[in-house]
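# What the coordinates show
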Amino acid sequence: MTQRLLLGAAFYFLWIGLSGHFSPFLLVTSVLSVVGVILLLTHLGLVSRHFQPFALIVSLVVYWRWLLVEIIKANIDVIRCVLGLGKPASPAMGWVHASQKTELCKTLYANSITLTPGTITVLAEGDQFLIHALHREGLASLQDGEMDRRCLILDEDFRGTGA
């Protein structure tokens, strides 16, 4: 029960912090939404005595910080391409392997690819993602596996098998 309350409080303060609105209607609906999410997570078995999502906070912060830097670098690259200041577009499509075991972390990986400007996950089939990239180098970078490796670390932490 304590874990659900702590998780609910974290979600609520995240909601309030991101919205920046404090009208009575939003405060009440945010409580109802958080209660609904906690009930859903409990039903899905993601909140239990043995699983501690707070243990993932450090891993998530490290990952999101790295992803934010990658998004900024990719934005600059796309802007330079659009303005004709950088290398011209050399669109490419190819398959990228996803090493993650959980569907949640595979989804995180696919969404991270799509969040990074200049790349988009077109199709997910099992452990393979079809990627469209603005530049061949962007596709090659994904195939090298740095993002996959970082998502795999989160996956291992999520499953409790990380070092």
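Our structure's up above, just so we're on the same page.
Bear in mind that the values here come from a model prediction, so they are computed numbers and not experimental data.

## As for the nonpolar core
- The biggest cluster of nonpolar side chains holds 19 residues, and the ones touching the most others in it are Tyr63, Tyr109, Ile113, Phe129, Ile131 and Met147.
- Of all the secondary-structure elements, those providing two or more residues to this core are helix H3 (57–82), strand S1 (92–97), helix H4 (103–115), strand S3 (128–133), helix H5 (136–144) and helix H6 (146–159).
- In contact with Ile113, not counting residues within four places along its chain, are Thr119, Ile120, Thr121, Phe129, Ile131, Leu142 and Met147.
- In this structure, Leu7, Val34, Leu41 and Val47 belong to the second largest nonpolar core, which totals 5 residues.

## Quick look at the packing of H3 against H6
- Where H3 contacts H6, the two axes come as close as 10 Å, and the packing angle between them is 165°. Here H3 is positioned roughly antiparallel relative to H6, judged by the angle of their axes. Crossing geometry of H3 relative to H6 is assigned as left-handed. Packed against H3, whose contacting residues are Ser59, Leu60, Tyr63, Trp66 and Leu67, the element H6 presents Glu146, Met147, Arg150, Cys151, Leu154 and Asp157 at the interface.
- Class assignment of the residues belonging to the contact of H3 with H6 gives a composition of 7 nonpolar, 1 polar and 3 charged.

## Quick notes on the sheet that holds S3
- Reading across the sheet, the 3 strands line up as S1-S3-S2 and stay open at both edges, with antiparallel pairing between neighbours. A single partner strand is all that each edge strand has here, and the edge strands are S1 and strand S2 (119–125). Neighbour-to-neighbour, the strand axes of this sheet turn through a mean angle of 25°, independent of strand direction.
- When S1 meets S3, the two strands line up antiparallel, connected through 6 bridges. Across the sheet, the residue bridging to Ala92 is Ala133, located in S3.
- The strands that H4 touches are S1, S2 and S3; relative to S2, the one it contacts most, it runs at about 150°.
- The strands that H5 touches are S1, S2 and S3; relative to S1, the one it contacts most, it runs at about 5°.

The rules behind these values
- Residues numbered from 1 in each chain as written.
- Predicted model: local features only at pLDDT ≥ 70, side-chain atom pairs only at ≥ 80, totals over all residues.
- Heavy atoms only, no water.
- Core = buried A, V, L, I, M, F, W, Y, C linked by side-chain atoms within 4.5 Å.
- Buried < 20%, exposed > 50% of the residue type's maximum accessible area, 1.4 Å probe, protein only.
- Helix = DSSP H or I, 4+ residues; strand = E, 2+ residues; numbered from the N terminus.
- Contact = heavy atoms within 4.5 Å.
- Axes fitted to C-alpha atoms, helices over the stretch in contact; angles between N-to-C directions.
- Parallel < 35°, antiparallel > 145°, perpendicular 65-115°, else oblique.
- Left-handed = near helix turned anticlockwise from the far one by under 90°.
- Nonpolar A, V, L, I, M, F, W, Y, C, P; charged D, E, K, R; others polar.
- Pairing = 2+ DSSP bridges.

Taken by themselves, the reported measurements are silent on function.
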